[in-house]
Amino acid sequence: MAIEQVSEFLSQNLPANLRALLLPLMLHDLYLDLDYLEEMCRRVSPPISRPELNQFAKTLVSADLLLDSGQSIFQISPTLATALHAQNFPASNPWVRPFVTVMAGVAEALALRSPEDQKGPFQVYARNFYSALKHADSLRMDHEANQLACGLASWARNSRKFEEAERLYAILTKHPAYRVDAYYHLGCISREKRNYGAATEWFRMSLAMSEPAGNQPAVARACHQLGIIAREKRDLNAAEEFFRKAIAIQQSQGNDDAAASSYHQMGIVYEQREDAASAERWYYRALATKEKSGDEECVASIYHQLGTMALKKSDLATAERWFNKALAIHERLGNETLAAPTFHQMGLLSIKKEDWLSADNWFRKSLAIAEKTGDSQGAALNSLQLGLLTVNQGQLVSAGRWLIKAIQVFRSTDPASLDVAIRQFLVIHRQASLAEKIQMEELWK
């Protein structure tokens, strides 16, 4: 239909009581959920019943103005959206506050869900949340604006849209009720970006508010994250101290699942100390709780760590079994970001088996994900391994290109890996022909 035909269809086929529903419909962006529209209808006068809502949707579906997506969710056609915004509706829309209130409640509830459980709803409702946030700001509905920002920030962080997440959490730091959580999440984002200085500052700001207030769960969360930063900086004694403090609080609060996350991290600390027996005890302690609670992402991560330990001991069959168990979970959850490190380990396993082609394939799969998700450190680790593999194939200039790609990242993130990459580059430079040396020196410059 042309826009004029849509307007004519709406006026001729919708009775007056149903034409009122065009006002909330125009507030929606892309998708309409009848269940939430029904909740909005309870907040206006006179209320509109569910049978009337069903009739409204059925009428618009019959003209292909709404597309039924199932579960009471409908996609709004572009023609209908354009026609609605061309209508001469009253300047003051009585449905704005109900729309904002309902969307805000949904957004805040979704903020508490796992990334996997957020994915579907946010693909449907995110644009409605942003629409509601715009109206909440203009109407000074501060509580609802904070609820919307909280949900959208959580989704942005879980989608690795870090700049948007930081923008939204920065808004939330201005409001006392959300400030501690906002500091915590800003710290998590900075840590994922390997900006350890900023991350530490955010977590310490969270602690500074949480400890005097006796907010023990928030204290434990911040200590857990400070422990991860200390571990990643190889300050293992400080890491252990933070994790033990977190565990003491988590156990006293009866939060076994959170404690198991810290057990997992303690396992990594002991693995880095090369105390395999202690590391395995912590891993299995974490695994018993996480398998029971159904935290599949953490279970997969522990399987990954157990595989890494088996690989270090050259127990290739056991390592491969653990890695395959981890990958099966990642595949089922559709979480390629968490699968990337396990692909990398499968590449290292393939090298030990002298299966160079498989190793190359695993590293390239891991690299592709790391580059797509902005994980520069992961990309550099894969580039280093691809460089080492290419050396074995005698392609020295290509190997040099891979190594330089890794060196550019390691310069600011990983001194130990930087040393390995530079030493290997110098080795192949010495082995190269004169023509290859010139090419490699140009790459270096």
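Before reading on, note that the structure itself is shown above.
The paragraphs below set out a description of the structure included in this document. (Residues numbered from 1 in each chain as written. Predicted model: local features only at pLDDT ≥ 70, side-chain atom pairs only at ≥ 80, totals over all residues. Heavy atoms only, no water.)

1. Structural notes on the sheet that holds strand β2 (residues 66-70)
Turning to step 1, where the next piece is worked out: Reading across the sheet, the three strands line up as β1-β3-β2 and stay open at both edges, with antiparallel pairing between neighbours. The open sheet terminates on both sides in strands that have one partner only, identified here as β1 (31-33) and β2. Going across the sheet, the axis of each strand differs from the next one's by a mean of 30°, ignoring polarity.
Turning to step 2, where the next piece is worked out: For β2 and strand β3 (residues 73-76), the ladder comprises four bridges, and the chain directions are antiparallel. Considered in β3, the bridge of L67 is made with Q75.
Turning to step 3, where the next piece is worked out: Against the sheet, helix α4 (residues 34-41) contacts β1 and β3, and its axis sits at roughly 65° relative to β1. (Pairing = 2+ DSSP bridges. Helix = DSSP H or I, 4+ residues; strand = E, 2+ residues; numbered from the N terminus. Axes fitted to C-alpha atoms, helices over the stretch in contact; angles between N-to-C directions. Contact = heavy atoms within 4.5 Å.)

2. Things to note about the packing of helix α7 (residues 96-111) against helix α8 (residues 115-138)
Turning to step 1, where the next piece is worked out: Where α7 meets α8, the closest approach of the two axes is 9 Å, and the angle between their N-to-C directions is 140°. In terms of their interaxial angle, α7 and α8 are classed as oblique. Crossing of α7 over α8 shows left-handed handedness. Across the interface between the two elements, V96, F99, V100, M103, V106, A107, L110 and A111 from α7 touch Q118, P121, F122, N128, F129, S131, A132, H135 and A136 from α8.
Turning to step 2, where the next piece is worked out: Each residue belonging to the contact of α7 with α8 can be placed in one class, and the counts come to 13 nonpolar, four polar and no charged. (Parallel < 35°, antiparallel > 145°, perpendicular 65-115°, else oblique. Left-handed = near helix turned anticlockwise from the far one by under 90°. Nonpolar A, V, L, I, M, F, W, Y, C, P; charged D, E, K, R; others polar.)

3. Overview of the packing of aromatic side chains
Turning to step 1, where the next piece is worked out: Summed over all chains, the structure comprises ten aromatic pairs.
Turning to step 2, where the next piece is worked out: Between Y36 and Y125, the aromatic rings sit 5.4 Å apart at their centres with planes inclined by 65°, giving edge-to-face as the arrangement. Within this pair, whereas Y36 is found in helix α4, its partner Y125 is found in helix α8, the two being separated by 89 residues in sequence.
Turning to step 3, where the next piece is worked out: With a relative accessible area of 8%, Y125 lands in the buried category.
Turning to step 4, where the next piece is worked out: Ring plane angle 5° and centroid distance 5.2 Å describe the contact between F122 and W155, whose orientation is recorded as stacked. Placement of F122 in helix α8 and of W155 in helix α9 (residues 142-158) is noted, with a sequence separation of 33 residues between them.
Turning to step 5, where the next piece is worked out: The class of F122 is buried, set by a relative accessible area of 1%.
Turning to step 6, where the next piece is worked out: You can call W155 buried: its relative accessible area is 17%.
Turning to step 7, where the next piece is worked out: Clustering of aromatic rings is evident, with ring pairs tying together Y36, F122, Y125, F129 and W155. (Phe/Tyr/Trp six-rings, centres within 6.5 Å; stacked < 30°, edge-to-face > 60°. Buried < 20%, exposed > 50% of the residue type's maximum accessible area, 1.4 Å probe, protein only.)

4. As for unusual backbone geometry
Turning to step 1, where the next piece is worked out: Here the amide bond leading from S45 into P46 is cis, since omega sits at -5°, within 30 degrees of zero.
Turning to step 2, where the next piece is worked out: Tracing the sequence through the fold places P46 in the loop between α4 and α5 (50-62).
Turning to step 3, where the next piece is worked out: Here the phi dihedral of Q71 falls at roughly 55°; this positive angle occurs in a residue that is not glycine.
Turning to step 4, where the next piece is worked out: Overall, the relative accessible area of 72% leaves Q71 in the exposed class.
Turning to step 5, where the next piece is worked out: Of note, R140 is a non-glycine position whose phi angle comes to about 55°, a positive value.
Turning to step 6, where the next piece is worked out: Secondary-structure assignment places R140 in the loop between α8 and α9.
Turning to step 7, where the next piece is worked out: A relative accessible area of 72% means that R140 is categorised as exposed.

5. Examining the state of the cysteines
Turning to step 1, where the next piece is worked out: Inspection of every chain in the model, using the stated rule, returns zero disulfides.
Turning to step 2, where the next piece is worked out: C150 carries a free sulfur, and the closest cysteine sulfur to it, the one in C188, is 13 Å from it.
Turning to step 3, where the next piece is worked out: You can call C150 buried: its relative accessible area is 18%.
Turning to step 4, where the next piece is worked out: No disulfide involves C223; its nearest neighbouring cysteine sulfur is the one of C188, lying 13 Å away. (Disulfide = S-S within 2.5 Å.)

6. Here's the deal with α7
Turning to step 1, where the next piece is worked out: Counted at 1.5 Å a residue, the expected span for α7 with its 16 residues is 22 Å, and the 22 Å between its end C-alpha atoms agrees.
Turning to step 2, where the next piece is worked out: For α7, every residue scored as buried is listed here: V96, P98, F99, V100, V102, M103, A104, V106, A107, L110 and A111.
Turning to step 3, where the next piece is worked out: Looking at the buried side of α7, the elements it contacts are α4, α8 and α9. (Expected span 1.5 Å × (residues − 1).)

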